[in-house]
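Summary of structural features
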Amino acid sequence: MNNYGYMFLFILSIAVASYSQILLKLGAGKKQIYLNGYTIIGYILMVLSTLMTLLAYQKISLSLGQVLQALSFVFVSILSYIFLKEKIEKRTIIGIVIILLGVLIFNV
């Protein structure tokens, strides 16, 4: 796997972690907070995300990883809109654009 493959793996791990956060939020609203499908799958995905991140850090630099980690704000905002029906405010859109510009500038 080349460096782009490891970068893709890292971004995928961020997306998986973001989705697991959505599942954990859904699980927190259930009567059985700790023993419901959302919570259990959320924790499993979080562990999977951590393993993917560790694998990706073998080839990508820590500074690049930290810049890419900012994409979690983008993913969580979009997933919250889709699954939790939360509104995306104007400030959030401006923040997402700034984050994406920062990631692009860092990688050019």
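Residues numbered from 1 in each chain as written. Predicted model: local features only at pLDDT ≥ 70, side-chain atom pairs only at ≥ 80, totals over all residues. Heavy atoms only, no water.

A few words now on the pattern of salt bridges. Evaluated as defined, the whole model comprises one salt bridge. Close ionic contact of E89 with R91 constitutes a salt bridge, the shortest N to O distance being 3.8 Å. (Salt bridge = Lys/Arg side-chain N within 4 Å of Asp/Glu carboxyl O.)

Between helix α1 (residues 3-28) and helix α3 (residues 62-69), the shortest axis-to-axis distance is 10 Å and the interhelical angle comes to 40 degrees. By the angle between their axes, α1 is oblique relative to α3. Like other packed secondary-structure pairs, α1 and α3 cross with a definite hand, here right-handed. When α1 is examined against α3, the residues M7, F10, I11 and I14 are found in contact with a partner set consisting of L64, G65, L68 and Q69. A per-class count over the contact of α1 with α3 returns six nonpolar, two polar and no charged. (Axes fitted to C-alpha atoms, helices over the stretch in contact; angles between N-to-C directions. Helix = DSSP H or I, 4+ residues; strand = E, 2+ residues; numbered from the N terminus. Parallel < 35°, antiparallel > 145°, perpendicular 65-115°, else oblique. Left-handed = near helix turned anticlockwise from the far one by under 90°. Contact = heavy atoms within 4.5 Å. Nonpolar A, V, L, I, M, F, W, Y, C, P; charged D, E, K, R; others polar.)

Quick look at the environment of G102 now. With respect to the helices and strands, G102 occurs in helix α5 (residues 90-107). What makes G102 partly exposed here is its relative accessible area of 34%. Taking the C-alpha atoms as reference points, G102 and I22, separated by 80 residues in sequence, lie 25 Å from one another. (Buried < 20%, exposed > 50% of the residue type's maximum accessible area, 1.4 Å probe, protein only.)

The next subject is α1. Taking 1.5 Å per residue, 26 residues should reach 38 Å; α1 reaches 37 Å between its end C-alpha atoms and fits that length. Backbone nitrogen of Y4 and a side-chain oxygen of the N-cap are separated by 3.1 Å at the start of α1; the cap is N2. (Expected span 1.5 Å × (residues − 1). Polar contact = N/O pair within 3.5 Å; in protein donor to acceptor, adjacent residues only side chain to side chain.)

Now for the confidence of the model for the chain. For the chain, the average pLDDT comes to 92, and 100% of its residues sit at 70 or higher. The secondary-structure element of the chain with the lowest mean pLDDT is α3, recorded at 89, while helix α2 (residues 37-56) shows the highest, at 96. (pLDDT = per-residue confidence, 0-100.)

With that out of the way, let us pick up the side chain of S80. Among the structural elements, S80 can be located in helix α4 (residues 71-83). Other than its neighbours up to four places away in sequence, S80 contacts I22, K85 and E86.

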